Amino acid sequence: MRQLTGRAAAVLGVAGSLGHLALAGEHARHAPVLTAGMLLLALVCARCSVHLWRRPADPVAWRDTVVLAVVMAGMHALAGGLSATFLAVPFLQVGLWLLAITAVRSPSG
């Protein structure tokens, strides 16, 4: 279960990175600071995703992923982007993390 949830969260992270890269291109002309921020966060998210894919049961990989998901949700809240589309990745990643820690605590984990 931990491997499945970790890999699923990693795939979501890569999808989120690709989404941010696509949006960064749209904002490049009128919001260069926002574009730079999205590019930076896309790179960080990709790094965390690779780490989680390689070590899906690693608590440090999960910690980094969940912290980044919470930061991302907070940044979207500050920017006014609270639509379900923008928040799907961080909420799903946190949900998968909760499943993973539940699996660790269960005897069959």
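Rules used throughout
Residues numbered from 1 in each chain as written. Predicted model: local features only at pLDDT ≥ 70, side-chain atom pairs only at ≥ 80, totals over all residues. Heavy atoms only, no water. Axes fitted to C-alpha atoms, helices over the stretch in contact; angles between N-to-C directions. Helix = DSSP H or I, 4+ residues; strand = E, 2+ residues; numbered from the N terminus. Parallel < 35°, antiparallel > 145°, perpendicular 65-115°, else oblique. Left-handed = near helix turned anticlockwise from the far one by under 90°. pLDDT = per-residue confidence, 0-100. Core = buried A, V, L, I, M, F, W, Y, C linked by side-chain atoms within 4.5 Å. Buried < 20%, exposed > 50% of the residue type's maximum accessible area, 1.4 Å probe, protein only. Phe/Tyr/Trp six-rings, centres within 6.5 Å; stacked < 30°, edge-to-face > 60°. Lys NZ or Arg CZ within 6 Å of the ring centre and 35° of its normal. Contact = heavy atoms within 4.5 Å. Nonpolar A, V, L, I, M, F, W, Y, C, P; charged D, E, K, R; others polar.

Remarks on the packing of helix 1 (residues 2-27) against helix 2 (residues 32-54)
Between two packed helices, both the angle of their axes relative to each other and the distance between the axes serve to describe the pair. Contact pair helix 1 / helix 2: the axes reach a minimum separation of 8 Å and the direction vectors enclose 160°. Our classification of the angle between helix 1 and helix 2 gives roughly antiparallel. In terms of crossing hand, the pair formed by helix 1 and helix 2 is left-handed.

Topic: the confidence of the model for the protein chain
Counting all residues, the mean pLDDT for the protein chain is 85, and 93% of those residues have values of 70 or more. Considering each helix and strand of the protein chain separately, the mean pLDDT is smallest for helix 4 (residues 84-105), with a value of 84, and largest for helix 2, with 89.

Side note on the nonpolar core
Among the nonpolar cores identified, the biggest contains nine residues, and these are A9, A10, L12, L52, A61, W62, V66, L96 and A100. Looking at this core, the elements that each hand over two or more residues are helix 1, helix 3 (59-79) and helix 4. Counting five residues, the second-largest nonpolar core is a separate cluster that includes L41, C45, C48 and L68.

A short note on the packing of aromatic side chains
Taken as a whole, this structure holds zero aromatic pairs when the rule is applied. Between the NZ or CZ atom of R7 and the centre of the ring of W53, over which it lies, the distance is 4.4 Å.

Some points on the environment of G6
Positionally, G6 belongs in helix 1. The sequence separation of G6 and V33 amounts to 27 residues, and the corresponding C-alpha distance is 32 Å. Once you skip the residues sitting within four places of it in the chain, G6 turns out to touch L52, P56 and W62.

What to know about the packing of helix 2 against helix 3
Viewed as axis vectors pointing N to C, helix 2 and helix 3 meet at an angle of 150°, and their least axial separation amounts to 9 Å. When the axis of helix 2 is compared with that of helix 3, the two are roughly antiparallel. In the crossing of helix 2 with helix 3, the sense of the turn from one axis to the other is left-handed. The segment helix 2 lies against helix 3, with L41, V44, C45, R47, C48, H51 and L52 engaging V60, A61, W62, D64, T65, L68, M72 and M75. Class assignment for the residues of the contact of helix 2 with helix 3 results in eleven nonpolar, two polar and two charged.

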